Amino acid sequence: MAGRKRSFDRDIALDKAMRLFWNNGFAATSVSNLTSELGINTPSLYAAFGNKEQLFKEVIAHYIAKHTEPCYRHITEPSDLPFVEKLRACFYELIQEFSDADTPLGCLLVKSVNESDSVAFPEEATAYIKQFGFKTLHMITTLIESEGVITESATAELQAKYLLSVLYGLSTQVRAGESRQVAESIMDYALNTLQANDAS
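Residues numbered from 1 in each chain as written. Predicted model: local features only at pLDDT ≥ 70, side-chain atom pairs only at ≥ 80, totals over all residues. Heavy atoms only, no water.

Caption draft 1: Local environment of the confidence of the model for the protein. For the protein, the mean per-residue pLDDT works out to 91, and 92% of the residues sit at or above 70. Within the protein, helix α6 (residues 83–99) carries the highest mean pLDDT (97), whereas helix α1 (residues 2–24) carries the lowest (79). Overall, residues 1–8 carries pLDDT values under 50, and its contacts beyond four positions in sequence, including any with other chains, amount to 0 contacts. (pLDDT = per-residue confidence, 0-100. Helix = DSSP H or I, 4+ residues; strand = E, 2+ residues; numbered from the N terminus. Contact = heavy atoms within 4.5 Å.)

Caption draft 2: Molecular detail of the pattern of salt bridges. Counted according to the given criterion, the structure contains 11 salt bridges. With its nearest N and O atoms 3.7 Å apart, the salt bridge here joins R19 to D15. Of the two residues, R19 and D15 are both situated in helix α1; the distance of 4 residues between them amounts to about one turn of the helix. Residue R19 is classed as partly exposed on the basis of its relative accessible area of 32%. Notably, a salt bridge pairs R88 with D188, separated by 2.6 Å at the nearest N-O pair. On the criterion of sequence distance, the pair formed by R88 in helix α6 and D188 in helix α10 (residues 180–199) is long-range, its members being 100 residues apart. For R88, a relative accessible area of 13% puts it in the buried group. One network of salt bridges, with partners in common, ties together D15, R19 and K66. (Salt bridge = Lys/Arg side-chain N within 4 Å of Asp/Glu carboxyl O. Buried < 20%, exposed > 50% of the residue type's maximum accessible area, 1.4 Å probe, protein only.)

Here it is, written out as structure tokens:
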């Protein structure tokens, strides 16, 4: 029972830390911000997570597992839907995550990439985000190539990069105040390029 309680408390701590980093960014979130939000002192923070950089990497993994990876089930799980509708379901759910009033707006990964060129930004977190980005690109490229009409891998990858560029841009727009409905309409417009290819 004690082990289960520690695990549950750690998840709560990660969720609170995630919201701080998501709101403020890595650089603007201080150790004192974290200890205050988590209700622990600095030695306890270091004992639990090592340091701020290691905590941030763990937060990124927590965010991906909780807010991003579940959306990609529309692509990875078997379904009779046309491939464009699988993509639409995936992207709509991600846009919903960006727009959720119960969490900070936008995407923590996109926000983090935008400050990753700073020398203070943790290299391990940058590598982790890039690794997930490559995984996502591969999933979408494979879907377009295997279930669409595009037979060239390079062309399918270019289409996937285009869709992801639109998605990442929408996360920034939503954070700036754009509505979920408008974001979905923009994604529909991007997906129409695939539907046009599918019909040709």
